[in-house]
Amino acid sequence: MRFQRPEFREKLEKARGFARKPRGPHSPLVPILALLFLLAAVYFLTISKIFLITNAEVSGADPEQIIDVLKRLGTKRFYLIPKNHILILTKNRLLEGLRENLPNVRKITSYRRILPDSIELTVEMREPRYVWQSGSNYYLLDQDGVIFEKIPDYLPESFPQIIISDGAAENLAVGQDLGITESLNFLAKLRDLWPGEIRDIEVVGVELPGRKSPDIFVSTSIGFRVYFDVKRSVAAHLANLKLLLYQEINPETYTGLSYIDLRLPNIAYYCYLDAPCAPENATSTIPNL
């Protein structure tokens, strides 16, 4: 039979040993695809404008200012990638960019990227809580103790904020954190509680003898100063001050007072302008509240 012939058997054996070579790493299609992917990635990351964020839905700030910052970020590069690219513009990177251009931005409270070129965010701005005086220089100070604007020509009538003086003459920088959070927290509580405890006398100014000092010197509308210790309770301080002003010191002599020192727990010192200001001249023992 034909199937028994030697030449047919030889062909059959060759067919059994044949196997199709699989396409694998050595196939020319794989490096071509990899190269195309790499070129596409480079194009969309460095050249194309499709994924550059130029639109923003903003709450809490002026959208035009935010968009202007986004455009400025687009002129800068993170390696070769524009800084406003949707893949690399994280919340922290945007906040850094905003603070560089808008020092009154405090933080971003919500942030969402929307493909291909938009973001949605909520911005919290710094509040001008105080005016910080350092020598002849004046600055706006926010709730965190950060300087966010220098006041070139300070006029008291234009700024209702309380002035805090550092007793020095430093040239401070916008964006600088003064590290006085404890003092500001004390002062905020003092301002809240003072009107309910002290009648017809207002706080008009504050001096910090040093940023790391626990002391706060408060100037009053009558003219005398009150010395506080931020390590102690605001309520206890004011209870002692109220006791002194309305039971110990004659109201007719308020205008002659130089200072009232409440920094010790149960002893207060007060001094008059026309008398030597020493602890033994005027003391009062008060309850340790």
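Everything discussed here concerns the structure shown above.
Residues numbered from 1 in each chain as written. Predicted model: local features only at pLDDT ≥ 70, side-chain atom pairs only at ≥ 80, totals over all residues. Heavy atoms only, no water.

**Topic: the overall build of the protein chain**
Thought 1: Within the protein chain, the secondary structure is distributed over 6 helices and 15 strands.
Thought 2: Sequence-distant contacts, at least 24 apart, represent 51% of the contacts inside the protein chain between residues at least 6 apart.
Thought 3: Of the roughly 17500 Å² of accessible surface on the protein chain, a fraction of 55% belongs to carbon and sulfur atoms. (Helix = DSSP H or I, 4+ residues; strand = E, 2+ residues; numbered from the N terminus. Contact = heavy atoms within 4.5 Å. Areas by Shrake-Rupley, 256 points an atom, 1.4 Å probe, with all protein chains shown as cover.)

**Here we look at the pairing of strand β5 (residues 118-125)**
Thought 1: Inspection of the sheet shows strand β1 (residues 55-59) paired to β5 by 5 bridges, in the parallel sense. What sits directly across from Asn55, in β5, is Ser118.
Thought 2: Examined bridge by bridge, strand β4 (residues 105-114) and β5 share 8 bridges and lie antiparallel to one another. Looking at the pairing, Arg112 lines up with Glu120 of β5.
Thought 3: The hairpin turn running from β4 into β5, its antiparallel successor, is 3 residues long. (Pairing = 2+ DSSP bridges.)

**Focus on helix α6 (residues 234-248)**
Thought 1: Its 15 residues place the ends of α6 20 Å apart at the C-alpha level, agreeing with the 21 Å of an ideal helix rising 1.5 Å per residue.
Thought 2: By the burial criterion, the buried members of α6 are Val234, Ala236, His237, Leu238, Asn240, Leu241, Leu244 and Leu245.
Thought 3: In this structure Ser233 caps α6, since a side-chain oxygen of it lies 3.2 Å from the backbone nitrogen of Ala235. (Expected span 1.5 Å × (residues − 1). Buried < 20%, exposed > 50% of the residue type's maximum accessible area, 1.4 Å probe, protein only. Polar contact = N/O pair within 3.5 Å; in protein donor to acceptor, adjacent residues only side chain to side chain.)

**With respect to helix α3 (residues 63-73)**
Thought 1: Among all positions of α3, only Ile66, Val69, Leu70 and Leu73 are buried. Seen along its axis, α3 keeps its buried residues to an arc of 105 degrees; they face one direction. Relative to its buried face, α3 has exposed residues pointing more than 90 degrees away, namely Glu64 and Lys71.
Thought 2: Where the residues of α3 are buried, they touch β1, β3 (81-82), α4 (91-101) and β5.
Thought 3: Measuring from the backbone nitrogen of Glu64 back to the side-chain oxygen at the start of α3 gives 3.1 Å, which picks out Asp62 as the cap. (Arc of directions from axis to C-beta.)

**Quick word on the layout of surface pockets**
Thought 1: There is about 180 Å³ of room inside the largest pocket.
Thought 2: Considering the residues around the largest pocket, the lining is formed by Leu73, Lys76, Phe78, Lys83, Ile88, Leu89, Arg93, Glu96, Gly97 and Glu100.
Thought 3: When residues of the lining of the largest pocket are assigned to their parent elements, the largest contribution, 4 residues, is made by α4.
Thought 4: Classifying every residue of the lining of the largest pocket by side-chain character gives 4 nonpolar, 1 polar and 5 charged. (1 Å grid on protein atoms, 1.4 Å probe; cavity = no way out; pocket = protein on both sides within 12 Å on 5 of 7 lines; lining within 4 Å. Points joined across faces, edges and corners; volume = space filled by probe spheres on them. Nonpolar A, V, L, I, M, F, W, Y, C, P; charged D, E, K, R; others polar.)

**Brief notes about the sheet that holds β4**
Thought 1: Sheet architecture is open: 3 strands sit in the order β1-β5-β4, paired in mixed fashion. Looking at strand neighbours, the two that pair on one side only are β1 and β4, the edges of this open sheet. Ignoring which end each strand starts from, the neighbouring axes of this sheet average 25 degrees apart.
Thought 2: The sheet strands contacting α3 are β1 and β5, and the helix crosses β1 at an angle near 140 degrees. (Axes fitted to C-alpha atoms, helices over the stretch in contact; angles between N-to-C directions.)

**Some points on the environment of Leu172**
Thought 1: With respect to the helices and strands, the residue Leu172 is situated in the loop between β9 (162-165) and α5 (181-197).
Thought 2: Note: C-alpha distance between Leu172 and Ser134 (38 residues apart in sequence) is 8.1 Å.

**Some remarks on the pattern of salt bridges**
Thought 1: Applying the stated rule across the entire model yields 14 salt bridges.
Thought 2: Salt-bridge contacts for Arg106 lead to Asp144; the nearest nitrogen and oxygen are separated by 2.7 Å. Taken together, the residues span a long stretch of sequence, with Arg106 in strand β4 and Asp144 in the loop between β7 (137-141) and β8 (147-151) at a distance of 38 residues.
Thought 3: Residue Arg106 is classed as buried on the basis of its relative accessible area of 18%.
Thought 4: The salt bridge partner of Glu120 is Arg112, with a shortest N-O separation of 3.5 Å.
Thought 5: For Arg112, a relative accessible area of 45% gives the class partly exposed.
Thought 6: Three or more residues are tied together by salt bridges with common partners; here these are Arg106, Lys107, Glu124, Arg126, Asp142 and Asp144. (Salt bridge = Lys/Arg side-chain N within 4 Å of Asp/Glu carboxyl O.)

**A short note on the environment of Val174**
Thought 1: With respect to the helices, strands and loops of the structure, Val174 is situated in the loop between β9 and α5.
Thought 2: Classification of Val174 by relative accessible area gives partly exposed; the value is 44%.
Thought 3: Sequence separation of Val174 and Val146 is 28 residues, and the distance between their C-alpha atoms is 8.0 Å.
Thought 4: The contacts of Val174, once residues within four sequence positions are left out, are Pro103, Ile147, Phe148, Glu149 and Lys150.

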